[in-house]
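Topology and contacts: notes
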Amino acid sequence: MTLTQLRKLKREGEKITCLTAYDASFAHLLEQANIDILLVGDSLGMVIQGHDSTLPVTVDDMIYHCQQVHRGCQQALLMVDMPFMSYATPNLALKSAARLMGEGYAQVVKLEGGGWLIETVQVLTERGIPVCAHLGLTPQSIHQIGGYRVQGKTERGVERIRDDAVALQQAGASLLLLECVPGQLAEEITALLDIPVIGIGAGVKCDAQILVLYDMLGITPGKRPSFSKDFLQETGSILAAIEAFVKAVKEGTFPGQEHTFE
Ligand code: KIV
């Protein structure tokens, strides 16, 4: 899978599937189910390492897991999260992204944030590093935001997310991920942008859907986020659960209204 193919899928209205992956065995299974994008998410800080946020995750951690996923990844596009503070300046971003691609074999790097990242996205993309921008709920800013809650609920919030999305595309971003925003706003941004928009807790109208693998298998400790679904419960095997997710996304039956914010 390439970024060119993903843009074609968007133009043709075919839904794109993504899940997080943290090791080679799961990557093999995800490949068997024909997942389009594998994200080595910094959610690994919570679901693998057991921290209560993604903040302690390092570039070395991300490289370690990205190398494992790469060994199990044949077809899917391999995307990696840039961890907290690894892209605080454009120069630092360049160094961290070069390692994630050169040592971790990632094909796209994902970074969380809006307008302040414009220069960074330009610097990376001008040097051949494809970027996925991440807006809405940005877990690396959890202490600033004050909790894991829906973003873009006020008129000002809606405007900021919409303007940032357009500016990040103009700066060179190849993909946009929207996390926990009202379905209506995600639909509007998806129609506005040429680049594929990946949603998590952002309604069914996004070009692509992603979930944290351990959430959709029901093995994340604690309460499952309301926008997620336990696909293992109704299927009985991990491969069947992943295949059910792919089918539901492709057919536009996931996420449903019950997984969507207003
Ligand atoms: O780290 C992660 O798993 C993510 C998803 C929530 C999209 O960024």
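Quick look at the structure, then. (Residues numbered from 1 in each chain as written. Predicted model: local features only at pLDDT ≥ 70, side-chain atom pairs only at ≥ 80, totals over all residues. Heavy atoms only, no water.)

Regarding the overall build of the protein
From N to C terminus, the protein includes eleven helices and eight strands. The C-alpha atoms of the protein give 17 Å as radius of gyration, which agrees with the globular expectation for 262 residues (18 Å, within 12%). Considered along the principal axes of its C-alpha atoms, the protein spans approximately 45 × 40 × 40 Å. With 262 residues in all, the protein has 55% of them scored as buried. For the protein, the computed accessible surface area is about 11400 Å², with 50% contributed by carbon and sulfur atoms. Here the protein contributes 21 positively and 30 negatively charged side chains, and the mean placements of these two sets differ by 2 Å. (Helix = DSSP H or I, 4+ residues; strand = E, 2+ residues; numbered from the N terminus. Rg over C-alpha atoms; globule rule 2.2 N^0.38 Å. Buried < 20%, exposed > 50% of the residue type's maximum accessible area, 1.4 Å probe, protein only. Areas by Shrake-Rupley, 256 points an atom, 1.4 Å probe, with all protein chains shown as cover. Lys, Arg positive; Asp, Glu negative; His and termini not counted. Charge placed at Lys NZ, Arg CZ, Asp CG, Glu CD.)

Observations concerning the site of the ligand
Taken together, T20, L39, G41, D42, S43, D81, K110, H134, L177, E179, I200 and V212 make up the full set of residues near the ligand. Between an oxygen atom of the ligand and a side-chain N or O atom of S43, the distance comes to 2.6 Å. Within the side chain of K110, an N or O atom sits 2.8 Å from an oxygen atom of the ligand. Burial of the ligand by the surrounding chains reaches 95%, relative to a free accessible area of 260 Å². Here the ligand occupies the largest pocket. Counted by class, the shell around the ligand contains four nonpolar, four polar and four charged residues. (Near = heavy atom within 4 Å. Polar contact = N/O pair within 3.5 Å; in protein donor to acceptor, adjacent residues only side chain to side chain. 1 Å grid on protein atoms, 1.4 Å probe; cavity = no way out; pocket = protein on both sides within 12 Å on 5 of 7 lines; lining within 4 Å. Sits in = over half its atoms within 2 Å of the grid points. Nonpolar A, V, L, I, M, F, W, Y, C, P; charged D, E, K, R; others polar.)

Brief notes about the pairing of strand 2 (residues 37-40)
Here strand 2 shows a buried face lined by I37 and L39 and a second buried face lined by L38 and V40. The pairing of strand 1 (residues 16-20) with strand 2 spans three bridges and is parallel. The residue of strand 2 that forms the bridge with T20 is L39. Where strand 2 and strand 3 (residues 77-81) come together, four bridges link them in parallel fashion. Among the inter-strand pairings, V40 is bridged to a residue of strand 3, identified as V80. (Pairing = 2+ DSSP bridges.)

Quick look at the side chain of D230
You can see D230 is positioned in the loop between helix 10 (213-216) and helix 11 (238-251). Within the buried core, D230 has no salt-bridge partner, and the shortest N-O distance to an opposite charge, that of R224, equals 4.4 Å. A distance of 3.0 Å separates a polar atom in the side chain of D230 from the backbone nitrogen of L232. Within the structure, D230 has its side chain in polar contact with the backbone nitrogen of Q233 (distance 3.1 Å). Apart from residues lying up to four places away in sequence, D230 is in contact with D215, M216, L217, G218 and R224. (Salt bridge = Lys/Arg side-chain N within 4 Å of Asp/Glu carboxyl O. Contact = heavy atoms within 4.5 Å.)

Remarks on the environment of I142
Within the element layout of this structure, I142 appears in helix 7 (residues 142-145). We classify I142 as buried; its relative accessible area is 7%. With near-sequence residues (within four places) excluded, I142 lies in contact with G147 and Y148.

Notes on the nonpolar core
Counting 87 residues, the largest nonpolar core has L176, L178 and F245 as the members making the most contacts within it. Residue contributions to this core peak at six residues, all from helix 11. Sequence-distant contacts of L178, defined by excluding residues within four places in its chain, comprise L135, I161, A186, I189, V197, I198, G199, I200 and A202. (Core = buried A, V, L, I, M, F, W, Y, C linked by side-chain atoms within 4.5 Å.)

Quick word on the side chain of E179
By the secondary structure assignment, E179 is in strand 6 (residues 175-179). Nearest to the buried, unbridged E179 among oppositely charged side chains is K110, at 6.0 Å. Here H134 takes part through its side chain, which lies 3.0 Å from a polar atom of the side chain of E179. Setting aside chain neighbours within four positions, we find E179 in contact with H134, L135, G136, L137, P139 and I200.

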